[in-house]
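Observations on chain architecture
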Amino acid sequence: MVAAKEFIVAIELGSSKMTGIAGQKNLDGSINVLAVVKESSSSFIRKGVVYNIDKTAQCLTSIIKKLENQLKTEITQVYVGVGGQSIRGVRNIIAKDLPSETIVTQDMVIELMDANRNMTYQDQEILDAAVQEYKVGSQLQLDPVGIQATHLEGNFLNILERKAFYKNLNKCFETAGIRVAEMYLAPLALADSVLTEAEKRSGCVLVDLGADTTTVSVYSKNILRHLAVIPLGGNNITKDIATLQMEESDAERMKLKYASAFTDNNDIDNDLKYSIDTERQIESRKFIEIVEGRLEEIVENVWFQVPSEFYDKLLGGIILTGGGSNMKNIERAFTNHTHVEKIRVAKFVTQTILSGNDDIKSHNGMMNTVLGLLAKGDINCAGEGVDPHGDLFSTRKEKDPSAAVADPRQPRQATEIPQGVIRTESEKKAADEEKRRQQEEEERQRQAEEAAERERIAAEKKANSIWNKAKRGILKFGKSMIEEE
């Protein structure tokens, strides 16, 4: 393989594995996957959340080094997907009364967005704010600019994460010396890669069935209406099977081989037994009841997360993806509990992906998120060439993650950031510094204007004083002349 000069690198921090992927974008929109690396992450990432910073940083370093050796090129920066149990969506309304006959301006809209972004939640960080609609008077509008109104409301869906987890994630990349090109909300990147425009517009629920978590995203009229992460996934089914006196590795193997999301009672053979190994067996009915019992709990929790006002607005149906969507009869299980007839399993992303990698070619939904993150990348992550025969696990060359690289992002304020993109801590600091600098400049300008105004008033007073003195002198002289006459 010849060293690539241009490529995008994306990293997904999952609960069972961490995946790094490098790909090259073609002019026709397709993507050539150049390298894929996976590492187990179950010992330091739980339910999508980083718990051990050092081990996560070591794993990140290992993935980057392995990718660099495959690519024969240094990686200067990466795209990162943010997800996990602590992420949730919270609705918020910001209102503003206006004088009569006021025309709504873009500045008024930005003021509402800034006020929403400045909301504080205890121990929570606002990662992103999805605009729902604006209420102008009694009418809902997607763009209120130019409309006359006396009352303006902004409806927002704030995506929150616990501050501690957000700081841990940033610290991992800082410790590993890896620069983050952009952080992206993983559920939104996934949605953009597996949902059709018709599904988003007509209303749908995207369910990502992962190992430790299940992510629920509700869309209507092309807008993200709700986002929640449930701390239940495929591993919960595996652990339940393991209660039948077996190791979790055997339980996982049996789940993949025998598990069905739904089995008609008439189709259950009471005499049938499933083999654990060459010596042990379990009753099929007991196995089926355990699997369906846990899966029913997952489905019920998914449906509980869908706001009731959207029950009759899901013309696009329910779209299932992730590793758990491969379970036999999964569509039937969701239809039985939600009464939604339209169920689709998204086995792969909508983009054209060219790859010889078996995990990608299998089209089992497990690579959809990392491929969605790769599709979001638009900054070259390739640096200088590297020696592929060097020590794979040698200490990574220390870099300042905020150091200048090709195509640097300028510090952006919250209102300038596209939906789904999360500002890293370094970008937030840079934006705060820029904001502070602007405020200081505005304060200096204000003080200069006030000083100039004071000088003008003083000069005016002085001039008036001289004129008044002269005027009094003339009047006095005139009076004395009249008296003499």
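Residues numbered from 1 in each chain as written. Predicted model: local features only at pLDDT ≥ 70, side-chain atom pairs only at ≥ 80, totals over all residues. Heavy atoms only, no water.

In this section: the packing of helix α1 (residues 53-71) against helix α3 (residues 163-176). Viewed as axis vectors pointing N to C, α1 and α3 meet at an angle of 50 degrees, and their least axial separation amounts to 8 Å. Between α1 and α3, the interaxial angle falls into the category oblique. For α1 against α3, the interelement crossing comes out right-handed. For the pair formed by α1 and α3, the contact residues are Ile-53, Asp-54, Thr-56, Ala-57, Leu-60 and Thr-61 on the first element and Asn-168, Lys-171, Cys-172, Phe-173, Thr-175 and Ala-176 on the second. Looking at side-chain class alone, the contact of α1 with α3 contains 6 nonpolar, 4 polar and 2 charged residues. (Axes fitted to C-alpha atoms, helices over the stretch in contact; angles between N-to-C directions. Helix = DSSP H or I, 4+ residues; strand = E, 2+ residues; numbered from the N terminus. Parallel < 35°, antiparallel > 145°, perpendicular 65-115°, else oblique. Left-handed = near helix turned anticlockwise from the far one by under 90°. Contact = heavy atoms within 4.5 Å. Nonpolar A, V, L, I, M, F, W, Y, C, P; charged D, E, K, R; others polar.)

Okay, empty space enclosed by the protein next. Per the stated rule, a full pass over the model turns up 1 cavity of 30 Å³ or more. Its volume calculated, the largest cavity comes out at about 80 Å³. Looking at the largest cavity, the residues that line it are Leu-13, Gly-48, Val-49, Val-50, Gly-81, Val-82, Gly-83, Glu-161, Phe-165 and Leu-169. Broken down by secondary-structure element, the contributors of at least two residues to the lining of the largest cavity are β5 (49-50), β7 (78-82) and α3. Classifying every residue of the lining of the largest cavity gives 6 nonpolar, 3 polar and 1 charged. (1 Å grid on protein atoms, 1.4 Å probe; cavity = no way out; pocket = protein on both sides within 12 Å on 5 of 7 lines; lining within 4 Å. Points joined across faces, edges and corners; volume = space filled by probe spheres on them.)

Among the 7 residues that make up strand β14 (residues 214-220), 7 are buried, leaving the element largely enclosed by the rest of the structure. Side chains Thr-214, Val-216, Val-218 and Ser-220 project from β14 onto one buried face, and the interleaved Thr-215, Ser-217 and Tyr-219 project onto a second face that is buried too. Summarising the sheet, strand β13 (residues 204-209) and β14 pair through 6 bridges and their orientation is antiparallel. Looking across to β14, one finds that Leu-209 is bridged to Thr-214. Connecting β13 to the antiparallel partner β14 that follows it, the hairpin turn spans 4 residues. Inspection of the sheet shows β14 paired to strand β15 (residues 223-230) by 7 bridges, in the antiparallel sense. (Buried < 20%, exposed > 50% of the residue type's maximum accessible area, 1.4 Å probe, protein only. Pairing = 2+ DSSP bridges.)

Moving on: the environment of Asn-69. Take Asn-69: it is sitting in helix α1. In this structure, the C-alpha to C-alpha distance between Asn-69 and Gly-385, residues 316 residues apart in sequence, is 9.6 Å.

Before going further, it helps to examine the confidence of the model for the protein. For the protein, per-residue confidence averages 88 on the pLDDT scale, and residues scoring 70 or more make up 92% of the total. Across residues 392-398 the pLDDT falls below 50, and counting only partners more than four positions away or on other chains, this stretch makes 14 contacts in the model. (pLDDT = per-residue confidence, 0-100.)

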